[in-house]
Amino acid sequence: MVREGGAGRGRDEGIAYGNGKRGTDKSKLIIVPSVYIKTYGCQMNERDSEAVAAQLAARGYSLAASEGAADVILLNTCSVRDMAERKAIGKMQSLAAKVRRQRPKVVLGVLGCMAQSRGARLLEQLPDVDLVIGTQKFHRTADYLEEILAGKRDRIVDVEAEAGSEGTIKEHWPPGHGGAGGAAARPVTAFVSIMQGCNQYCTFCIVPYTRGEERSRTIADIVAECRQLVEGGVREITLLGQIVTSYGKREIPARNGKSGFVQLLEAVHEVEGLERIRFTSPHPKGYGDDLVEAYGRLPKLCESAHLPAQSGSDRILKLMHRGCTRERFLGVVEKLRRVQPRMGITTDIIVGFPGETEEDFEETLALAREVEFDNGYLFKYSPRQDTPAAALPGQVPQDVKEERNARLLALVNEISGRRYGERVGERMEVLVEGPSRRNAARQMGRTRCNRIVVFEGGKDRRGELVELKIERAGSFTLYGILNSK
Ligand code: SAM
């Protein structure tokens, strides 16, 4: 927050934040800078950005709808693939060239995974950046901006580890999420970050280096956040972590054969008014019998599982250091479908990992055929600096990666189209999330197995659990009608 006549980038002119909103706070005239946050990457990054937005809003910032109207522009970055890093760097270079030229006082910041992995080196490539904040420092964003805006410091880089930082991603935006906001803004679903970091050290993955060692929040803290969200109108919560099934491994002893993660699921399940629980991403090897049987006895736990397979070839899985064989993966799928035959199963697969032969790739195709995934997120292997796989022999040429990706995509789409088609004629419970993005006259929601359904709602049914009859299936969307017998 910048006060009139205050210090900082606005000091010379008094006030420099033309896009900020003016508001009176008793006798003081307050200038509120506006901030625009652009997020790259996964749901964890989205969640981190949301927490930063809530933190800044609590300090009086307004959230700008576009960079053109913002006094502070923050890019929350992803390092998982080279393309994500290049996009963020290109974006920052264009902001420096265009926005900075027109509005020299605008503050530019890079947050998250790429900030963490590159630290101060990022400034050599992006000299216009004022703020670099690593993955354990999101909660310091407002303080650091205040220092920069007040002219106390020109530039801040903080990518240090911070004990307890796993417990700092808990504020939600918009504020209807757990408190004060208006009903219209209230989302029905929310993500809750339950842990940070990853100890798996897959040879392709940069995450352990950008997010650090696994650290889990306490069950009590997570449950309190879930309760607050439900009081604000949330009906469905997705528990988030890099590998959620490792939740509490070091902190929470197993009890009656139940892991810390299953104990957490049970505790969240007790939250009154909460209708549905999901989680992502698990590791297939984290599906012990305690978790599998939880699907059979915890009615709020939705029958959908995102199971990153990465490859169907045991040889490649070993090179990836996945700690899971094809047989074990198939065993998990089988156990889950035994407990919940309607289980929706999605996956992540990497094509073109170093050394992947045509035979290895055929095994991945065969795995996709055997499991019949409801959907798959396919990635072309991208070498990441300082990860073991980047130095492996047998790097696969880009054209081969492209070709394998196209073949696998065609197969995954064909299977998922068929599985969607099989739902036509069924009745399904749908949690309504609000108007459809493509056609606001229609309502949109999700089935328990995480399929999107669009229907004519007649009125705003946000937050309602409705039963729909599925009339037709499009690619990745079902179309239903309400109350039809
Ligand atoms: N931690 C989760 C796991 O490994 O089970 C997923 C985290 S990551 C954000 C999401 C996906 O990105 C991974 O499942 C993997 O398929 C993909 N990925 C990670 N590193 C990659 C790389 N170097 N090249 C291509 N894809 C990659």
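Residues numbered from 1 in each chain as written. Predicted model: local features only at pLDDT ≥ 70, side-chain atom pairs only at ≥ 80, totals over all residues. Heavy atoms only, no water.

Caption draft 1: Broad picture of the overall build of the protein chain. Of regular secondary structure, the protein chain possesses 14 helices and 22 strands. The C-alpha radius of gyration of the protein chain comes to 24 Å, within 12% of the 23 Å expected for a compact globule of 485 residues. Expressed along its principal axes, the backbone C-alpha trace of the protein chain runs to roughly 70 × 60 × 45 Å. Burial status across the protein chain gives 54% buried among its 485 residues. On the protein chain, roughly 20800 Å² of surface is accessible, and the fraction owed to carbon and sulfur atoms is 49%. Taken as two groups, the 73 positive and 65 negative side-chain charges of the protein chain have centres that lie 3 Å from each other. (Helix = DSSP H or I, 4+ residues; strand = E, 2+ residues; numbered from the N terminus. Rg over C-alpha atoms; globule rule 2.2 N^0.38 Å. Buried < 20%, exposed > 50% of the residue type's maximum accessible area, 1.4 Å probe, protein only. Areas by Shrake-Rupley, 256 points an atom, 1.4 Å probe, with all protein chains shown as cover. Lys, Arg positive; Asp, Glu negative; His and termini not counted. Charge placed at Lys NZ, Arg CZ, Asp CG, Glu CD.)

Caption draft 2: Expanded view of the site of the ligand. Lining the immediate environment of the ligand, one finds 16 residues, of which F204, Q242, Q310, D348 and S382 sit closest. At 2.9 Å, a backbone N or O of Q242 approaches a nitrogen atom of the ligand. A distance of 3.5 Å is found between an oxygen atom of the ligand and a side-chain nitrogen or oxygen belonging to R322. Among the secondary structure elements, those contributing two or more residues to the shell around the ligand are β16 (344-351) and β17 (375-380). Broken down by class, the residue content of the shell around the ligand amounts to seven nonpolar, four polar and five charged. (Near = heavy atom within 4 Å. Polar contact = N/O pair within 3.5 Å; in protein donor to acceptor, adjacent residues only side chain to side chain. Nonpolar A, V, L, I, M, F, W, Y, C, P; charged D, E, K, R; others polar.)

Caption draft 3: View of the sheet that holds β17. Pairing within the open sheet is parallel, and its three strands lie in the order β15-β16-β17. Both outer strands of the open sheet, β15 (304-306) and β17, are each paired with one neighbouring strand and no more. With strand direction ignored, the average angle separating the axes of adjacent strands in the sheet is 10 degrees. Relative to β17, β16 is paired through six bridges, and the arrangement is parallel. In the sheet register, T347 faces β17, and the bridge partner there is G376. (Pairing = 2+ DSSP bridges. Axes fitted to C-alpha atoms, helices over the stretch in contact; angles between N-to-C directions.)

Caption draft 4: Representation of the packing of helix α1 (residues 43-58) against helix α6 (residues 141-149) in the model. Between α1 and α6, the least distance of the axes is 9 Å, while the angle of their chain directions is 55 degrees. As far as their axial angle goes, α6 and α1 are oblique. Of the residues in α6, those in contact with V52, Q55 and L56 of α1 are T141, A142 and L145. (Parallel < 35°, antiparallel > 145°, perpendicular 65-115°, else oblique. Contact = heavy atoms within 4.5 Å.)

Caption draft 5: Highlighting a negative patch on the surface. On the surface, a cluster of negative charge is contributed by D314, E327, E359 and E363. Examined against the element boundaries, E363 turns out to sit in helix α13 (residues 358-371). Here E363 falls in the partly exposed class, since its relative accessible area comes to 33%. (Patch = residues over 30% accessible without salt bridge, like charges linked within 9 Å, V, L, I, M, F, W, Y side chains within 5 Å. Salt bridge = Lys/Arg side-chain N within 4 Å of Asp/Glu carboxyl O.)

Caption draft 6: Here's a closer look at the packing of aromatic side chains. Under the definition given, this model contains eight aromatic pairs. Ring centres 6.4 Å apart and planes at 35 degrees place the aromatic pair F279 and Y287 in the tilted group. Across the pair, exposure class does not vary: F279 and Y287 are buried alike. On the basis of an interplanar angle of 50 degrees and a centroid distance of 6.3 Å, the ring pair of F279 and Y295 is categorised as tilted. A residue pair is termed long-range when its members are at least 10 positions apart, and F279 in strand β14 (residues 276-280) and Y295 in helix α10 (residues 289-297) qualify at 16 residues. (Phe/Tyr/Trp six-rings, centres within 6.5 Å; stacked < 30°, edge-to-face > 60°.)

Caption draft 7: α10, seen in detail. Restricting attention to buried positions, one finds in α10 the residues D290, L291, V292, A294 and Y295. Check the buried side of α10 and you find it contacts α9 (260-269), β14, β15 and α12 (326-339).

Caption draft 8: Examining the sheet that holds strand β6 (residues 72-77) more closely. Pairing is parallel across the open sheet formed by six strands, whose spatial order is β5-β4-β6-β7-β8-β9. Since the sheet does not close on itself, it has two edges, and those belong to β5 (62-63) and β9 (156-158), each with one partner. Here α6 sits on the sheet and contacts β6, β7 (107-112), β8 (131-133) and β9; the angle it forms with β8, its principal contact strand, is near 165 degrees.

Caption draft 9: Fine view of the pairing of β6. Taken across its six residues, β6 has six buried, putting it largely inside the fold. A two-sided burial pattern is seen for β6, the buried positions comprising V72, L74 and N76 on one face and I73, L75 and T77 on the other. Bridge analysis of strand β4 (residues 34-39) against β6 gives five bridges, and the strand direction is parallel. Residue K38 lies in a different strand from β6, and its bridge partner there is L75. Bridging between β6 and β7 involves six bridges; their strand directions are parallel. Considered in β7, the bridge of V72 is made with V107.

Caption draft 10: A look at the nonpolar core. Core analysis: the biggest nonpolar cluster contains 54 residues, and I194, L239, F261, F279 and Y287 have the highest contact counts within it. Leave out the neighbours within four places in its chain, and F261 touches I194, L239, V244, T245, Y247, F279 and L291. Core analysis: the second largest hydrophobic core is formed by 24 residues, L75, C78, A84 and M114 among them. (Core = buried A, V, L, I, M, F, W, Y, C linked by side-chain atoms within 4.5 Å.)

Caption draft 11: Examining α9 more closely. Counting buried positions along α9 gives nine out of 10 residues, so the element sits mostly inside the fold. Buried residues along α9 sit against α8 (219-231), β13 (236-240), β14 and α10.

Caption draft 12: Structural context of the confidence of the model for the protein chain. Summary statistics for the protein chain give a mean pLDDT of 91 and a share of 91% for residues scoring 70 or more. Low pLDDT, under 50, characterises residues 1-29; the predicted model gives this stretch 71 contacts beyond four residues in sequence or across chains. Confidence over residues 178-184 falls short of pLDDT 50; this stretch has 10 contacts with residues more than four positions distant or in other chains. (pLDDT = per-residue confidence, 0-100.)

Caption draft 13: View of the pattern of salt bridges. Counting across every chain of the model gives 50 salt bridges. E146 is paired through a salt bridge with R59; the nearest N and O atoms lie 3.4 Å apart. Here the residue E146 occupies a position in helix α6, and R59 occupies one in the loop between α1 and β5, the gap between them amounting to 87 residues. Owing to a relative accessible area of 27%, R59 belongs among the partly exposed residues under this scheme. The shortest N-O distance in the salt bridge between E85 and R384 comes to 3.3 Å. With E85 in helix α2 (residues 82-97) and R384 in the loop between β17 and α14 (398-421), this residue pair connects regions lying 299 residues apart in the sequence. Residue E85 is classed as buried on the basis of its relative accessible area, which comes to 4%. Linked through salt bridges whose partners overlap, the residues forming this network are R47, E50, K170, R217, D221 and E225.

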